[in-house]
Structures are given as C-alpha cells and as structure tokens.
Amino acid sequence: MSENNVIEFAHVAKRYPGEKTAAIHNVSFAVEEGEFVCFVGPSGCGKTTTLKIIAGLEQATSGTVKKPKNVSMAFQLGALFPWLTAFENVAFGLRQKEGMHESSITRAVDQQLEMLGMLNFRDRYPSELSGGQRQRVGIARALAVDPAVLLLDEPFSALDPKTTAELHDDIIKIWHRTHKTIVMVSHLIEEAVSLADRVILMREGTVDSIYHIQLPYPRRENEGFHHDVMRIRKEFFK
Amino acid sequence: MWVGYPVSFAHRFYVFVLGPLTVLLLMYLAFSFYPLLRPAGQEVPLSTIIAASLFTCARLFIAYVLAVVVAIPLALLTTYNSTMETLLLPVFDIMESVPILALFPVIIMLFIQFNFLNGAAIFILFLAMLWNIVFTLVGGLKIIPKDIFYVTQVFGLHGWGYMQRFLLPALVPQLVTGSILAVAQGWNLIIVAEVLHTYIPGGTSAQDLFGVGSILVAAAANAQNGVFLGAVFVMVVIIAMLNLFVWQKLLHYAQRFRFD
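Just so it is clear, the model here is predicted, and its values are computed rather than measured.

(A) Local environment of unusual backbone geometry. Residues and elements named next belong to chain A. Going from Tyr217 to Pro218, the amide bond is cis rather than trans, its omega being -10°. A positive phi is found at His11, a non-glycine position, where the angle reads about 50°. Tracing the backbone through its elements, the reader meets His11 in strand β1 (residues 5-14). Residue class for His11 comes out partly exposed when judged on the 13 C-beta atoms lying within 10 Å of it. Even without being glycine, Glu154 reaches a positive phi, approximately 40°. The topology assignment puts Glu154 in the loop between β6 (149-153) and α5 (161-178).

(B) A look at the domain arrangement of chain A. Residue and element names in this part refer to chain A. Domain annotation for chain A reports domain 1 (5-70 + 147-236) and domain 2 (80-144). The distance between the C-alpha centroids of domain 1 and domain 2 comes to 25 Å. Taken together, the contact between domain 1 and domain 2 spans 10 residues of the former and 8 residues of the latter. Its residues assigned to classes, the side of domain 1 that touches domain 2 comprises 7 nonpolar, 1 polar and 2 charged.

(C) The arrangement of helix α6 (residues 146-154) of chain B in detail. Along α6(B), the residues that are buried comprise B:Val151, B:Thr152 and B:Val154. For α6(B), the angular spread of buried residues about the axis comes to 165°, placing them on one side.

(D) Broad picture of the interface of chain B and chain A. Counting from both sides, the interface comprises 15 residues of chain B and, opposite them, 13 residues of chain A. At 6 residues, α6(B) tops the list of elements feeding residues into the side of chain B that touches chain A. A class-by-class count of the residues in the side of chain B that touches chain A yields 10 nonpolar, 2 polar and 3 charged.

(E) Seen up close, the sheet that holds strand β3 (residues 36-40) of chain A. All names here are of chain A. The mixed open sheet is built from 6 strands, whose spatial order is β5-β6-β7-β3-β8-β9. Unpaired on one side and paired on the other, β5 (71-74) and β9 (206-212) mark the two borders of the sheet. Strand-to-strand twist of the sheet, defined as the mean angle between neighbouring strand axes without regard to direction, takes the value 20°. In the sheet, strand β8 (residues 198-203) pairs with β9 via 6 bridges, with the strands oriented antiparallel. For Arg198, the partnering residue across the bridge sits in β9 and is His212. The sheet strands contacting helix α1 (residues 47-55) are β3, β5, β6, β7 (181-185) and β8, and the helix crosses β6 at an angle near 150°.

(F) Quick look at helix α4 (residues 131-144) of chain A. Residues and elements named next belong to chain A. The terminal C-alpha atoms of α4 lie 20 Å apart, and with 14 residues this matches the ideal 20 Å at 1.5 Å per residue to within 8%. Of all 14 residues in α4, 12 are buried, a share of seventy percent or more. Three or more residues of α4 are buried, namely Gln133, Arg134, Gln135, Arg136, Val137, Gly138, Ile139, Ala140, Arg141, Ala142, Leu143 and Ala144. Looking at the packing, one finds that the buried side of α4 touches β5, α2 (86-91), α3 (102-115), β6 and α5. Two residues or fewer after α4 comes Asp146, characterised by a positive phi angle close to 50°.

(G) The packing of helix α8 (residues 172-194) of chain B against helix α9 (residues 212-221) of chain B, seen in detail. All names here are of chain B. One way to put it is that α8 packs onto α9 with a least axis distance of 7 Å and a crossing angle of 70°. Judged by the angle between their axes, α8 and α9 are roughly perpendicular. Seen along the crossing, α8 lies across α9 with a hand that is right-handed. Residues Ile190, Ile191, Ala193 and Glu194 of α8 pack against Gly213, Ser214, Leu216 and Val217 of α9. Of the residues in the contact of α8 with α9, the class split is 5 nonpolar, 2 polar and 1 charged.

(H) Representation of the sheet that holds strand β4 (residues 62-66) of chain A in the model. Residues and elements named next belong to chain A. Strand order in the open sheet made by the 3 strands is β2-β1-β4, with antiparallel pairing throughout. Among the strands making up the open sheet, the edge pair consists of β2 (24-32) and β4. With direction set aside, neighbouring strand axes in the sheet form an average angle of 10°. Those strands touched by α1 are β1, β2 and β4, and its axis lies near 125° from that of β1.

Rules used throughout
Residues numbered from 1 in each chain as written. Chains lettered and ligands numbered in written order. Predicted model: local features only at pLDDT ≥ 70, side-chain atom pairs only at ≥ 80, totals over all residues. Helix = DSSP H or I, 4+ residues; strand = E, 2+ residues; numbered from the N terminus. Buried ≥ 20, exposed ≤ 12 C-beta atoms within 10 Å, placed from the backbone. Domains from an automatic or database assignment. Contact = placed C-beta atoms within 7 Å. Nonpolar A, V, L, I, M, F, W, Y, C, P; charged D, E, K, R; others polar. Arc of directions from axis to C-beta. Pairing = 2+ DSSP bridges. Axes fitted to C-alpha atoms, helices over the stretch in contact; angles between N-to-C directions. Expected span 1.5 Å × (residues − 1). Parallel < 35°, antiparallel > 145°, perpendicular 65-115°, else oblique. Left-handed = near helix turned anticlockwise from the far one by under 90°.

What follows is the structure, given as structure tokens:
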C-alpha cells in the first residue's frame, strides 16, 4: 500500500441482500492523490456499486477498503433539492459543518458558483435552470465542502453534446485549479479518455483492465485520442 | 417564500357566485318537489348558523392537526425499511377498510365516561382523516428519487436536521394533497359526528354537539327549510373559501417542492 494512495480497494466484494450473485467481486485498484480516474463498462458491471462504496453509501461485504472520510459526490441530473435556490443547494453540505459562520458559507458558495459560471443564477430554483446548469450546481455543491475526493456518477449522461463538451472543459479546469482527486463513472469510452488520467474497465463485477492515458488537453483534437479510444473499445466489446 | 396564486376572474365568479347559486337553486327545486318538507317549527337565526359553523370548523381543525401529527411518523415508520412496510401496510389497509361509523358507538361510549362528547366527534373525524394523509405520504416518500437520499447521506444529514431540511419539505406536495382529501372526508362525516344522540342508547338531541351538522339534521327533521338552506349555504361558502384561499394557494406553493 502506497502512502500517496487516497483510495485503495483490495479484493473487495459486495453482495446486496436477496441477490444470488455479487454486484462486485475481487475488485482491487488504487487511486493516487490528485489523480483523475474513470470507471467504464457495460450496464450492471459494478462501476456504480464501486463508486457507492467509495462514497460510503454502501458497505463492502468482504475485502479491504481504504478511503478518506471527506468524500463528496455529484449525481446524474444534479440531484438538487427543488425547494432550495442554487445558492442554498450549494450551501447544503456546508450548513452541516459545525461552527461555519454565514459569511464564510456565503463566500465559499459564491466562489464555487463563480468557478462554475453560475453566480448570476444563484437565486434561481432548480426548476428555473437548464439540465446543464443544474449539473453545474450539483458539482458546485459537491466541491463546496472541499472534499479530499470528488466522485462523479455519470454526471453528463442526460445532457446534450454541446453542454457535455462545455462541462468537460469546466471539469478539467476545476481539476487543474484545485488538484482534487476525481473518480468518475461513465458508460462512454470517449468521455473517459477525454477526461481521465486512468481508465478502469470493469466487466462482470470486477476490474477487467486498466489504461493510462497520457495525452495533452484538450484531448479530442489530439491524434492519439482515437487510438486510445479504440484500444479500450476493443476490450469493451470483447 | 410565499408565492401569489393567480386566480382567474372566472374561478372567483364560479366559487363565490355560481357555485352557491347552483346549490341554492338545486335545494329550492328539491324542496318544491318534495311535499314532506314544508316550512314549520322555530327558525334559527343566521348568526347562530354561522357560530355553529365556526364550532364545526374548530372540530375539523383539531382533528386535522391531530391526523397530520400522527400520520407523518406513521408514514415514516412504514417506509423506514421493507420489513416495516410489509408489516404495517396490510394493517393500515385493513384499518382503513373498517367503516368508521361502525366504530362510532364504541368511541362515544368511551368518551361519554369522561363527559367529553366533543372528544368523540373529534376522534371520529381524526380517524376519517388519518388514512388519507398516511397513504398519500407513503406514496410521496416512495417517489423521492434515490439520488436525493444519497445526497443527504453524503453530506451526513441525520436526526432532526434530516427531518427539517429534507424529509418534511420533500413531503409538502403529498401533505397538501392528502390534507385536501382528509378535510373533504371530514366534511362528509361532520353531520354524523355531531349528531351523537342516535348512537347513545336512550339518547336525546340535547346530547348533540352545537355545529352546522347537527343544525342540518335538526332542520331536516323539523322541516325547517329556511334553516336547512341557510346551513347548506354557509357550509358551501366556508368550503369554497377554504378551497380558494387555503388549498389552491397551498397547491400552488407545493409545486416548488415537487421532484421532476
């Protein structure tokens, strides 16, 4: 086990009550501090279960899990509280922290909203925001608590290609600026290759193969992009 | 934040003018063709009918508050996990199916021991309202997206904070819908709930509760058409005002709490 690893899974398995087969089994991998890792794989391969274990939303049935306490997560479709404004949604996690003054909360929230280009929409309710804007607020909420690890659960799956491309750029900018460890789940190989340092391909509940991506950003315009996509795709459809 | 409810002129016109006029016209026609109902007996002043209606409203209000206070924990308990749901839902189904009026004589006998007949009426109204709210809340809890529950877990929400910042706001739309159904059920039952003497062996009308329900029954029994019409009219006006100034506004307000 390396000291640089913020997350370590060793032979982890998870079986949901009442299920005959394990959702994941013998899953082993490590994520270094500041790394951007993306899990890809077909539906039901166990990538979301893995993410939930990192988030503490599920407990492993067996194996060893090392993860920091301060983990935050952005969900599909933003998962915002409809009765709260964008500002209050982002402040949601901060208000759970003891001893935080209102002025500190306001400063932290506005900073996150500004970073994601949402400061002008701070008083709007989720119903008054587009899908992309909701997702931005969801990411701002996850970042506001200054997590050691930011988890992204298919955050772009419901967005149009233009908004997705814009959010990809934003995520990369945020990652470069904050040096956060990011673990993302996606069902799109292109998305994983365009964003992550490392792509972990999962199949039938376990880690199938791991790919290091060493392309400069922005990657989609890079010649090696399609090569990396094809090399993962070959395994994906094997 | 309170949001103004955009009520159209047509809506107001229907609620305040056409609605009561239609009821009055129908009542007039019914009396005209029903020879057994002839004007007779002592009349009751309108002020008494209004005062009685206020007593009725107070009973309904107390029963409603009690129903909400009991329904929320029951709904939360039912949806706490699948075991609780399997255990409790069939029990609630059976309890809801038992006709409330079948329980009324027992309830009256119980409350008569404490010389608290108002309690009997309130309790029967409470039972009538309770299940509407419970089942609507259970339905509401089941449609909250799973990711929203995960958000509360990720940010470590628990205890009173979980209730106050998440569960209670999330239940607002269903609470409003359940409340409308519950109060309507209460109005349906009010006549029986206030006319207690029919359920007491050897009972007299002196044991009836002062309210618009008992006035309606007494007026019908004594062929006091004017009183009957007046009581119905006051009741329709109260229900219309409740609809326009409370339920419609709350329905509109609850939209903000609805998950897409």
